[in-house]
Amino acid sequence: MHVIEAGFPASSESEHETVKAIMAMGLEAEVCGLARMTRGDVDACLDCGVDMIHVFIPTSDIQRVHTIKKTREEVLEASGDVVSYAREHVDQVLYSAMDATRTDWDYLRQVLQVAVRAGATVLNIPDTVGVITPSAMKVLIGRIVAEVDCPIDTHCHNDFGLAVANTLAAVEAGASQVQVTVNGLGERAGNADLAETVMALESIYGVSTGIHTQRIVETSRLVSRCSGIPVIPTQPIVGDNAFSHESGIHSHGVIARSDTFEPGIMTPEMVGHRRRLKLGKHVGRHAVRQMLTDVHLAPDDRQLDEIVTRVKDMSGKGRLVTDADLFEIATSVMGVVSDGKTIDLQEIAVITGNHVIPTASLKATVDGVEHLYSSVGVGPVDAALKAIMGILPTRVTLKEFKIEAISGGSDAIGHVRVALEDERGHIFDASSSGDDVVIASVEAMVNAINLLHRVRKG
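What comes next concerns the included structure. Computed from a predicted structure; not experimentally measured. Residues take numbers from 1 onward in each chain, read along the sequence in its written order. pLDDT decides what is reported in this predicted model: residues at 70 or higher carry local features, side-chain atom pairs at 80 or more are listed and counted, and totals for whole chains, interfaces and linings draw on all residues regardless. Just so you know, side-chain values use all the structure's heavy atoms and leave hydrogens and water out.

Moving on, we get to the overall build of the protein. Helix and strand definitions follow DSSP, with helices as H or I runs of at least four residues and strands as E runs of at least two, each counted in order from the N terminus. When helices and strands are tallied, the protein shows 15 helices and 15 strands. With the C-alpha coordinates of the protein rotated into their principal frame, the extents come out at 85 × 55 × 40 Å. Residue contacts are counted whenever heavy atoms from the two residues lie within 4.5 Å of one another. For the protein, the share of sequence-separated contacts (at least 6 apart) that also reach a separation of at least 24 residues comes to 63%. Think of it this way: Lys and Arg go in the positive column, Asp and Glu in the negative one, and His and the chain ends go nowhere. Charge positions come from single atoms, namely NZ of Lys, CZ of Arg, CG of Asp or CD of Glu. Computing the positive centroid from 41 side-chain charges and the negative centroid from 61, the protein places the two 5 Å apart.

Dropping the structure here:
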């Protein structure tokens, strides 16, 4: 469905042409402004071949007076006229009373009834500055549902962190549509988050949304990469830590039964995530034993206690302990001789420059067989990692790549951490540090690959 928002003022002719070009590519667009809502805006939408038009106008006194400088009567007149005109040309018209949650009830009801009589097919109730509470939202939507005969939609902002809660309260009160954004992106503190809203509706309320929930994490990461706005580790559902467990009692519980310290009604597989045991200063013996079992190491109780102590000591000094670190600690404590590396990197050379396509060439043995390989990339690190991926006998996916400077200055030591996933869903991370970030990236990648392949060989 193509949807265009017709706001105020009527957009300039050049803006109309831009919208037409966007729509020609099959993308959605907006036509909006801040002075008046006119039939000209609707015409611009119609020129793009849309089958639904969203019209909106401020209804709260503070926005009406200070942004569009219209009287209440003028807003009512414009709403009726433009909604009616839009409905003459399309079957679906969404009407928004902007800043509805700061509009007094009698006037809000009047505005909404005017829009419905003019032909609006859906009414949107925006909490434009995020000031309503869930209990108040439920009352407001309930009153609208009872007194205005039209499907209700909501648009909640997150200024006080209540966007998702307000959205769910609106659904409880009878709203049949809600507006959400991936990763909660939007003006100021953003809007109601798609992942949180969808999974609460699906898992807690038992409402089928029609969303392919297994793609939620993948979509979140894609939007994060494209927008340049990172997802924090503790972000519900999609964050790196959403299904990760570090503390001893939590790890012990989920090893025995996952729903002891997870919701149960929502699993990581439902959203395209993975459950992981994390290493840190709160890690317990059960988690460490399980992680070592995954790489086919079986320490006795004395060795396990020593391994756990070293992990906690390392983490207590502020260092992030990776799976590869754990393996190195365990083999050292247990006196285990490595059974050989899948990849043994012998040489690597990288060429880059402002008029040179970054290229990496390497020589390495893979399961004892020598390989020569080269690859290009968008930068020297990308080229080097692609060269390594090119000699692997099986496919792996780079799930995480993080680099930070440990010290200051142009000669700073760089610390690189990577996480890789194989086709079976195994994820292992590794890190490396050095004054050459390309070499550090390569070493971290090789360490993670060797750990992954140790699991496969077991």
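Following DSSP output, two strands are said to pair if at least two bridges run between them. With respect to topology, three strands assemble into an open sheet ordered β13-β14-β15, the strand pairing being antiparallel. Strand pairing shows two members of the sheet lacking a second neighbour, β13 (396–405) and β15 (427–434), which therefore form its edges. Adjacent strand axes in the sheet meet at a mean angle of 15 degrees, parallel and antiparallel pairs treated alike. Pairing of β13 with strand β14 (residues 414–422) involves nine bridges; the strand directions are antiparallel. Each residue of the ladder has a partner; that of L398, found in β14, is L420. For helices, the fitted axis covers only the stretch in contact; all axes are lines through C-alpha atoms, and the angles between them, taken along N-to-C directions, range from 0 to 180 degrees.

The next subject is the environment of N166. Within the secondary structure layout, N166 lies in helix α7 (residues 163–173). Judged by relative accessible area, which is 0%, N166 ranks as buried. Each C-alpha atom, one on N166 and one on T154, is 9.0 Å from the other, the two residues being 12 residues apart in sequence. Non-local contacts of N166, meaning those with residues more than four positions away in its chain, are made with D127, I132, T133, P134, M137 and C156. Under the scheme applied here, a residue whose accessible area is under 20% of the maximum for its type counts as buried, over 50% as exposed, and between as partly exposed, the area being computed with a 1.4 Å probe on protein chains only.

Turning our eyes to something else, we now look at helix α12 (residues 301–316). In this model, α12 (16 residues) spans 22 Å end to end at C-alpha, consistent with the 22 Å of a helix rising 1.5 Å per residue. All of the buried residues in α12 are Q303, L304, I307, V308, V311, M314 and S315. Axial view of α12: buried residues confined to an arc of 135 degrees, hence all on one face. Exposed residues on α12 whose side chains face more than 90 degrees from its buried face are R302 and G316. The inward-facing, buried residues of α12 contact α11 (285–294) and α13 (323–334). For a helix, the expected span equals 1.5 Å multiplied by the number of residues minus one. Working note: the arc is built from the helix axis to C-beta atom directions.

Attention now moves to the state of the cysteines. By convention in this document, the label disulfide applies to cysteine sulfur atom pairs within 2.5 Å. Taken as a whole, this structure holds zero disulfides when the rule is applied. The closest cysteine sulfur to the non-disulfide-bonded C45 is located on C48, 6.8 Å from its own sulfur.

What follows concerns the sheet that holds strand β11 (residues 356–366). Here three strands make up an open sheet; going across it, the order is β10-β11-β12 and the pairing antiparallel. This sheet does not close on itself; its edge strands, each paired only once, are β10 (343–353) and β12 (369–376). Between one strand axis and the next, the sheet turns through 10 degrees on average, direction left out of account. With nine bridges connecting them, β10 and β11 associate as antiparallel partners. From the neighbouring strand, E347 faces β11, where its bridge partner is K363.

Before going further, it helps to examine the nonpolar core. Nonpolar cores were defined as sets of buried Ala, Val, Leu, Ile, Met, Phe, Trp, Tyr and Cys residues, with membership established by side-chain atoms within 4.5 Å. In this structure, V288 and I307 are the most contacted members of the largest nonpolar core, which totals 53 residues. Within the residue set of this core, elements represented by two or more residues are α11, α12, α13, β11, α14 (380–390), β14, β15 and α15 (437–457). When residues of this core are assigned to their parent elements, the largest contribution, 11 residues, is made by α15. Sequence-distant contacts of I307, defined by excluding residues within four places in its chain, comprise V288, L292, P299, L326, I329, A330 and V333. Counting 51 residues, the second largest nonpolar core, distinct from the first, contains V55, V83, A97 and L112.

This next bit is on the pattern of salt bridges. A pairing counts as a salt bridge when a side-chain nitrogen of Lys or Arg comes within 4 Å of a carboxyl oxygen of Asp or Glu. Here the structure, examined in full by the defined rule, presents 25 salt bridges. With its nearest N and O atoms 3.8 Å apart, the salt bridge here joins R215 to E218. We classify R215 as exposed; its relative accessible area is 52%. In this structure, the salt-bridge partner of R276 is D323, at a minimum N-O distance of 3.2 Å. You can see R276 sitting in strand β9 (residues 276–277) and its partner D323 sitting in helix α13, a full 47 residues away along the chain. Comparing R276 with D323 shows no difference in burial state: the two are buried. The network of salt bridges with common partners includes R276, D323, E400, R417 and D429.

Attention shifts here to the layout of surface pockets. Computed over the protein atoms alone on a 1 Å grid, cavities are sets of points where a 1.4 Å probe fits but cannot get out and pockets are open sets with protein on both sides within 12 Å along at least five of seven lines; a residue lines them when it has an atom within 4 Å of a point. Grid points are joined across faces, edges and corners, and a volume is the space filled by probe spheres set on the points. In this model, the second largest pocket occupies a volume close to 1,000 Å³. What lines the second largest pocket is a set of 33 residues, among which R221, R225, D240, K399 and E400 lie closest to the centre. The set of elements that each furnish at least two residues to the lining of the second largest pocket consists of α9 (216–227), β13 and β14.

On to the packing of α11 against α13. Close contact between α11 and α13 brings their axes to 11 Å; oriented N to C, the two are set at 90 degrees. Our classification of the angle between α11 and α13 gives roughly perpendicular. Where α11 approaches α13, its residues V288, M291 and L292 are matched on the opposing element by D323, L326 and A330. Residues are sorted three ways: Asp, Glu, Lys and Arg are charged, Ala, Val, Leu, Ile, Met, Phe, Trp, Tyr, Cys and Pro are nonpolar, and all the rest, Gly among them, are polar. Among the residues making up the contact of α11 with α13, the classes are represented as five nonpolar, no polar and one charged. Between 65 and 115 degrees an angle is taken as roughly perpendicular, under 35 as roughly parallel, over 145 as roughly antiparallel, and anywhere else as oblique.

Its location among the elements puts R417 in strand β14. In this structure R417 comes out as buried when scored by relative accessible area, which is 7%. Throughout this description, a polar contact denotes any pair of N or O atoms lying within 3.5 Å of each other; where both atoms belong to protein, one of them has to be capable of donating a hydrogen while the other can accept it, and for residues adjacent in sequence the pair is counted only when both atoms sit in side chains. Reaching out from R417, the side chain makes a polar contact with the side chain of D429 at a distance of 3.0 Å. In this structure, R417 is in contact with R276, K278, L320, E400, F401, K402, D429, A430 and S431, ignoring residues within four places of it in sequence.

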